Amino acid sequence: MSRAMIIGAGGVAGVVINKCCQNSEVFTEIMIASRTKAKCDAFRDKLQPTTKTVISTAQVDADNVEELTALIKDYKPEIVINVALPYQDLHIMDACLAAGVNYLDTANYEPEDTAKFEYSWQWAYRERFEKAGLTAILGCGFDPGVTGVFSAYAMKHEFDEINYIDILDCNGGDHGYPFATNFNPEINIREVSAKGSYIEDGKWVETEPMEIKRVYNFKGVGEKDMYLLHHEELESLALNIKGIKRIRFFMTFGQSYLTHLKCLEDVGMTSIKPIMFEGKEIVPLQFLKAVLPDPASLGPRTVGKTNIGCIFIGKKDGKEKHYYLYNICDHQECYKEVGSQAISYTTGVPAMIGAMMVLTGQWKKAGVYNVEEMDPDPFMDALNKWGLPWEEDFDPVLVD
Ligand code: NDP
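Not measured: the values here are computed from a predicted model. (Residues numbered from 1 in each chain as written. Predicted model: local features only at pLDDT ≥ 70, side-chain atom pairs only at ≥ 80, totals over all residues.)

Undergrad: Account for the overall build of the protein, naming residues and giving values.
TA: A tally of helices and strands in the protein yields 14 helices and 18 strands. Since a compact globule built from 400 residues should have a radius of gyration of about 21 Å, the 20 Å found for the protein is in line with a globular shape. The dimensions of the protein, computed from C-alpha atoms along their principal axes, are 55 × 55 × 40 Å. Counting every position in the protein, which comprises 400 residues, the buried fraction comes to 49%. Considering only contacts in the protein between residues 6 or more positions apart, those separated by 24 or more positions represent 73%. (Helix = DSSP H or I, 4+ residues; strand = E, 2+ residues; numbered from the N terminus. Rg over C-alpha atoms; globule rule 2.2 N^0.38 Å. Buried ≥ 20, exposed ≤ 12 C-beta atoms within 10 Å, placed from the backbone. Contact = placed C-beta atoms within 7 Å.)

The following block contains the structure:
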């Protein structure tokens, strides 16, 4: 029925590719296009013998808009699924506009030389996508992504207004390394070493990195320390969900991870400022990425579960109501199914579902949208069908 182009061939892309191949009724043809063609070919060689989806591959530098536009025009997909890095977002959106193709990503644009992420750059494309009659879906992984769909679902079915949202991202997985990141190390470390922030009464409140700590007992995982972080969906949810007074994001970290990170920061290894090394300019964080384990290699060794979801406090029929929507995902189950750990899985499955929503016309509106602006119901059904079933709790323990 449809043709899709997947850009990137890393951990998350691997899951998107596997899931598109499982869903060959919708994704009849896919092209995997990335910087390193050998990685694209390896996915094709592994999956083509057992899927009806016809897979092609290509080498592309997604930062070269002209080259990418030519590739898209030649292949003629109906959607481009961007699972490269946030630095590529605007270039891929430009190429989609030039080639007349729909767009979807899982992380908002971030300039390579500034650790700052916000939606303004991508929201600035609204009018151009509207005029072109094309759909762009932003942030369609798990968080952001499913957290936005959960919020839209809670708003539609459970509340008249939502006043407080706490997004809790718990990774109870253990990969056995003293220090490794579960997705791209550069992006991950930029995210967690930045200042924390949350929105209260329409204003951002800034905290020092890891300043706010809470302990929470997660179903399927157990008790974990979690820390308040800045996260991109706070910005869009505060605008799109009616009645928001406060919205926060917490992520769990183990002590070993934090001790290593602190030490790496203290010696300057997490810096994104270029330095000279043996006559060559290098970025310390990029060098660190090169010596850390590749997140795509963590699959076979990671055991345990993730639990990611949202606790909502709001009003229904004049009364205060509490509601928790979450998903529990098992690292080893993911590995058995698609050869990846649960962080890539929980990001890649929603990206495939979001693309399916656009291709089947269920999320087809001209413009640039965050997921919570779309109908959550078909997406929620698809989460249950495609490997990320959700659970509800009408009396959750709240975060103080
Ligand atoms: P990886 O580093 O594993 O993969 C990134 C891929 O993009 C690599 O294959 C890389 O090529 C390719 N790439 C990088 N630059 C270019 C370029 N200029 N042109 C073409 N290809 C390029 O990252 P992950 O798979 O871990 O993460 C992918 C995305 O998912 C990131 O944007 C990340 O922020 C996002 N994410 C979102 C989450 C969510 O819940 N919303 C959670 C986790 C991740 P090469 O193989 O040559 O290095």
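There is more to say, and it comes next.
Undergrad: Go over the environment of Q255, please, and point to the residues and values.
TA: Tracing the backbone shows Q255 in helix α10 (residues 255-266). Judged by local crowding, Q255 falls into the exposed class, with 8 C-beta atoms found within 10 Å. Separated by 30 residues in the primary sequence, Q255 and D225 have C-alpha atoms spaced 8.7 Å apart.

Undergrad: Tell me about helix α14 (residues 376-385), and name the residues and values.
TA: For α14, every residue scored as buried is listed here: P376, F379, A382 and L383. The buried residues of α14 occupy one face: seen down the axis, they fall within an arc of 125 degrees. Among the exposed residues of α14, those oriented more than 90 degrees off its buried face are D381, N384 and K385. Looking at the buried side of α14, the elements it contacts are α7 (146-157), α13 (342-359) and β18 (390-393). G387 sits one or two residues past α14 and shows a positive phi near 115 degrees. (Arc of directions from axis to C-beta.)

Undergrad: Give a description of the site of the ligand that names residues and reports values.
TA: As a matter of local geometry, the ligand sits amid 34 residues, with G8, G10, V12, A62 and G141 nearest to it. Elements that contribute at least two residues to the shell around the ligand include exactly α1 (11-22) and α13. Ranked by residue count, the leading element in the shell around the ligand is α1, at three residues. Counted by class, the shell around the ligand contains 18 nonpolar, 11 polar and five charged residues. (Near = placed C-beta within 6 Å. Nonpolar A, V, L, I, M, F, W, Y, C, P; charged D, E, K, R; others polar.)

Undergrad: I'd like a rundown of the sheet that holds strand β5 (residues 102-105), residues and numbers included.
TA: Remark on secondary structure: sheet strands pair via backbone hydrogen bonds, oriented parallel or antiparallel. Spatially, seven strands are ordered β3-β2-β1-β4-β5-β6-β17 in an open sheet, and the strand pairing comes out parallel. Where the open sheet ends on each side, the last strands, each with one partner, are β3 (54-59) and β17 (367-370). Within this sheet the neighbouring strands show an average axis-to-axis angle of 20 degrees, counted without direction. (Pairing = 2+ DSSP bridges. Axes fitted to C-alpha atoms, helices over the stretch in contact; angles between N-to-C directions.)

Undergrad: Which residues make up the environment of Q286, and what are the values?
TA: On the secondary structure map, Q286 appears in helix α11 (residues 284-291). Here Q286 falls in the partly exposed class, since 13 other C-beta atoms lie within 10 Å of it.

Undergrad: Give me the nonpolar core: which residues, what numbers.
TA: Judged by nonpolar contacts, the single largest core of 114 residues is most densely connected at I6 and V16. Of the residues forming this core, the biggest block, 12 residues, is contributed by α13. (Core = buried A, V, L, I, M, F, W, Y, C linked by C-beta atoms within 7 Å.)

Undergrad: How would you summarise unusual backbone geometry if you had to cite specific residues and measurements?
TA: For the bond running from D143 to P144, omega is 10 degrees, close enough to zero to count as cis. With respect to the helices and strands, P144 occurs in the loop between β6 (135-138) and α7. The backbone phi angle of M210 is positive, close to 60 degrees, even though this residue is not glycine. Along the chain, the position of M210 falls in the loop between β9 (203-207) and β10 (213-218). Assessed through the 19 C-beta atoms surrounding it within 10 Å, M210 is described here as partly exposed. Residues other than glycine seldom take positive phi values, yet D317 does so here, at roughly 50 degrees. Classification of D317 by C-beta neighbours within 10 Å gives exposed; the count is 7.

Undergrad: Residue-level account of the pairing of strand β8 (residues 196-200), with values.
TA: Pairing of β8 with β9, which is carried by five bridges, proceeds in the antiparallel orientation. Paired with I199 across the bridge in β9 is W204. Taking the residues that link successive antiparallel strands as the turn, the β8-β9 hairpin has two residues, and the phi of D201 there is positive, at about 50 degrees. Of the strand pairs in this sheet, β8 and strand β12 (residues 246-252) are connected by two bridges, and their pairing is antiparallel. Looking across to β12, one finds that E200 is bridged to R246.

Undergrad: Could you give an account of the environment of F218, naming the residues involved and the relevant values?
TA: One can find F218 in strand β10. Along the chain, F218 and N171 lie 47 residues apart, while their C-alpha atoms are 9.8 Å from each other.

Just geometry here; none of it tells us what the structure is for.
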